[in-house]
Amino acid sequence: MKNPSIKKSSLIVLAIVGIVGAFGLGFGLGEKKAFSTFATESSSGLLSATSSSEIDLAPFWKSLDTLNSKFVATTASSSIPSDKEKVYGAITGLAASYGDPYTTFFPPKESAAFAEEVRGDFEGIGMEIGIKDNVLTVIAPLKGTPSEKAGMKPGDQVLKINKVFTNGMTVEDAVSKIRGPKGTVVTLTVKQSDGTTKDVPVTRDTIKIPTIDTKMRDDGVFVLSLYTFSANSANLFRDALREFILSGSDKLVLDLRGNPGGYLESAVDMASFFLPIGKTIVIEDNGTKEKQIIEKSRGYNVFTPNLKMVVLIDGGSASASEILAGALHEQGIAKLVGEKSFGKGSVQEVIEITPDTALKVTIAKWLTPSGHSISQNGLEPDVKVAITKKDIEKKFDSQMEKAAEILRDANYKL
């Protein structure tokens, strides 16, 4: 994985439990940027603030002085925080006031855990979670991981973690509660799509992240399943496409179901294998703060117009998956089959606040080439196919079979 100190090493993802934590976050690591200056010692012993803005901080200072002079710890769980902890608590509340589940402050312990996730050297259950409709929601269990084996599905709502309600819990808080040493168990209380609620015990393990699988079907359809957008996935994708070309098939299914995203650079590289140079892949919309940034095809464009292609998506397809699928669809390369994608189209930048703390802040949203907001709408398939309970019981992949049927059709048209 790329050096996490590189400025704006763009990732576009959600929060992950037990896999590379960058997935599902979407961030760039940048230099320090001043919001306001907490710079000098005050008479209360805490840091004083000067600000270039017109923010009235009098209520804050009065509250701080009141707590310092009045508060008495009366329970085992209450205590008088250190000056640093008071500052960290204030910044945490400040970040939360923006109402964005992906904008959050990392105190020292959480900041170290986040850096660990970026490296991917930890243990967990291999499941990505995010906030959807203000509820902690499963984005995708990773293939072969404990969460998948336990039966977790995209769209499952996580109501409790070890009997602790998740209402109001941030994604990072949930991640810290779900992660843990290999061999230990975490129990998730889950509300499923059919409305049933049940407790799901999941045994934590060391997570090995799959990247790509390929398969040539008996009907001549080549299937390329992509599970993550890691730093090396574009190279593996190129090798898989070479395998497809050598197979002699002109029918390609790109399976992005349950793929939570990853590196923007990988998504751009992959789209470039299908698009002429200069074609728009995704637009980074910074609102009124900066001019839009347009990511364009690098023009590898190795396929002839004879290519027949379907991209499979579902509620677990998020972020980089949505960027790649949206570009291939809107640029006339592929049909979309399956279910509506998750709708994670924002990018975060991680900014060092102190040497051992950081602020993750949403800095932009992603738009498809036509200007469609991924965050607000997700992607709708051309052909909607839902996986039913009967399909699961019979181990029948109705979405894959529909994709193959479309590609086998002699009258295939985009």
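Criteria and cut-off values
Residues numbered from 1 in each chain as written. Predicted model: local features only at pLDDT ≥ 70, side-chain atom pairs only at ≥ 80, totals over all residues. Heavy atoms only, no water. Helix = DSSP H or I, 4+ residues; strand = E, 2+ residues; numbered from the N terminus. Buried < 20%, exposed > 50% of the residue type's maximum accessible area, 1.4 Å probe, protein only. Contact = heavy atoms within 4.5 Å. Areas by Shrake-Rupley, 256 points an atom, 1.4 Å probe, with all protein chains shown as cover. Salt bridge = Lys/Arg side-chain N within 4 Å of Asp/Glu carboxyl O. Expected span 1.5 Å × (residues − 1). Arc of directions from axis to C-beta. 1 Å grid on protein atoms, 1.4 Å probe; cavity = no way out; pocket = protein on both sides within 12 Å on 5 of 7 lines; lining within 4 Å. Points joined across faces, edges and corners; volume = space filled by probe spheres on them. Nonpolar A, V, L, I, M, F, W, Y, C, P; charged D, E, K, R; others polar. Pairing = 2+ DSSP bridges.

> Explanation requested: the overall build of the protein in the structure shown.
Looking only at helices and strands, one finds 11 helices and 25 strands in the protein. Counting only residues that meet the buried cut, the protein has 46% of its 414 residues in that class. Considering only residue pairs separated by 6 or more positions, the protein has 65% of its internal contacts joining residues 24 or more positions apart. For the protein, the accessible area works out to roughly 20,000 Å², and carbon and sulfur atoms hold 52% of it.

> Help me out: how do you make sense of the pattern of salt bridges in this one?
Where charged atoms of side chains with opposite charge meet at close range, the side chains can pair. Throughout the structure, instances matching the rule amount to 16 salt bridges. When the shortest N-O distance is used, the salt bridge between Asp 194 and Lys 389 registers 2.8 Å. In this pair, Asp 194 sits in the loop between β12 (185–191) and β13 (197–203) while Lys 389 sits in helix α10 (residues 389–394), placing the two residues 195 residues apart along the sequence. Residue class for Asp 194 comes out partly exposed when judged on its relative accessible area of 39%. With relative accessibility at 57%, the residue Lys 389 sits in the exposed group.

> Just checking my understanding: could you explain helix α6 (residues 233–247) for this structure?
One full turn of an α-helix is made of 3.6 residues, so residues set three or four places apart face in the same direction. Over its 15 residues, α6 runs 21 Å from end to end, which matches the ideal 21 Å to within 8%, given 1.5 Å per residue. Within α6, burial applies to Ser 233, Ala 234, Phe 237, Ala 240, Leu 241 and Phe 244. Buried residues in α6, looked at end-on, bunch into an arc of 115°, giving them a common side. As for α6, its buried residues are in contact with β15 (212–216), β16 (222–226), β17 (251–255) and α7 (264–272). Immediately downstream of α6, the backbone of Gly 248 shows phi near 85°, a positive value.

> I tried to follow the layout of surface pockets on my own but got confused; where do I start?
To find leftover empty space, one rolls a probe the size of a water molecule over the atoms. Here the largest pocket defines a volume of roughly 1,900 Å³. Taken together, 50 residues form the lining of the largest pocket, with Lys 153, Pro 154, Asp 314, Ile 387 and Gln 399 sitting closest to its centre. At the level of secondary structure, the elements contributing two or more residues to the lining of the largest pocket comprise β9 (135–141), β15, β16, α10 and α11 (398–408). In terms of residues, the lining of the largest pocket owes the most to one element, α10, which gives four residues. When its residues are assigned to classes, the lining of the largest pocket shows 13 nonpolar, 14 polar and 23 charged.

> When you look at the pairing of strand β19 (residues 280–285) in this model, what are you seeing that I'm missing?
Residues in a regular strand point their side chains to alternate faces of the sheet. When you tally the buried positions in β19, you get six out of six residues, the bulk of the element. Note that β19 and strand β20 (residues 293–296) share four bridges and pair antiparallel. Counted as the bridge partner of Val 282 is Glu 295 from β20. Strand direction decides the pairing type here: β19 and strand β24 (residues 357–367), joined by three bridges, are antiparallel.

> Sorry, what's going on with the side chain of Thr 368 here?
In this fold, Thr 368 is placed in the loop between β24 and α9 (374–377). A relative accessible area of 2% places Thr 368 in the buried class. In contact with Thr 368, not counting residues within four places along its chain, are Ile 283, Gly 326, Glu 330, Ile 374 and Leu 379.

That is the geometry; function is a separate question.
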